[in-house]
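# Coordinate analysis (summary)
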Amino acid sequence: MPIDPARHVDKALGTDGLFERGCEDARKARQSGRSDYFADVADTEQHAKALDD
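A brief report on the enclosed structure follows. Just so we're clear, the structure is a prediction, and the values are computed from it rather than from any experiment. (Residues numbered from 1 in each chain as written. Predicted model: local features only at pLDDT ≥ 70, side-chain atom pairs only at ≥ 80, totals over all residues. Heavy atoms only, no water.)

Inspection of the secondary structure puts aspartate 10 in helix H1 (residues 3-13). Arginine 21 provides the closest opposite charge to the buried, unpaired aspartate 10, separated from it by 6.6 Å. Within the structure, the side chain of aspartate 10 is placed 3.2 Å from the backbone nitrogen of leucine 18, a separation counted as a polar contact. Among all residues touching aspartate 10, those that are not within four sequence positions of it are Thr15, Asp16, Gly17, Leu18, Phe19 and Glu20. (Helix = DSSP H or I, 4+ residues; strand = E, 2+ residues; numbered from the N terminus. Buried < 20%, exposed > 50% of the residue type's maximum accessible area, 1.4 Å probe, protein only. Lys, Arg positive; Asp, Glu negative; His and termini not counted. Salt bridge = Lys/Arg side-chain N within 4 Å of Asp/Glu carboxyl O. Polar contact = N/O pair within 3.5 Å; in protein donor to acceptor, adjacent residues only side chain to side chain. Contact = heavy atoms within 4.5 Å.)

So this is what it looks like as C-alpha cells:
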C-alpha cells in the first residue's frame, strides 16, 4: 500500500504506525530481495545439507 493511505489507516484505526512501518519493510524487501525477518533463514539455508519437515 502507498505510504499516504497507510498513514491514513494508521490514524483511523489507531495502529500507532503499523501500516506505515509495513510500507517501509516492503520497500526494503524490494531493494534487497528479501525481508529483514527472513535474512537469518536465507543465510542458514545456504549452509543446509538436508531439508526436514
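Now that the structure is up, let's keep going.
With respect to the helices, strands and loops of the structure, methionine 1 is situated in the segment before H1. Between the C-alpha atoms of methionine 1 and glutamate 20, which are 19 residues apart in sequence, the distance is 8.9 Å. What methionine 1 contacts, discounting residues up to four positions off in sequence, is Ala6, Val9, Phe19 and Cys23.

Summed over the entire model, instances satisfying the criterion amount to three salt bridges. A salt bridge links arginine 7 to glutamate 20, with the shortest nitrogen-to-oxygen separation between them at 3.1 Å. Here arginine 7 is found in helix H1, whereas its partner glutamate 20 is found in helix H2 (residues 18-32), with 13 residues between them in sequence. Note on glutamate 20: relative accessible area 29%, which makes it partly exposed. Across the pair arginine 27 and glutamate 24 runs a salt bridge, and its minimum N-O distance is 2.4 Å. Taken together, the positions of arginine 27 and glutamate 24, both in helix H2 and three residues apart, correspond to about one turn of that helix.

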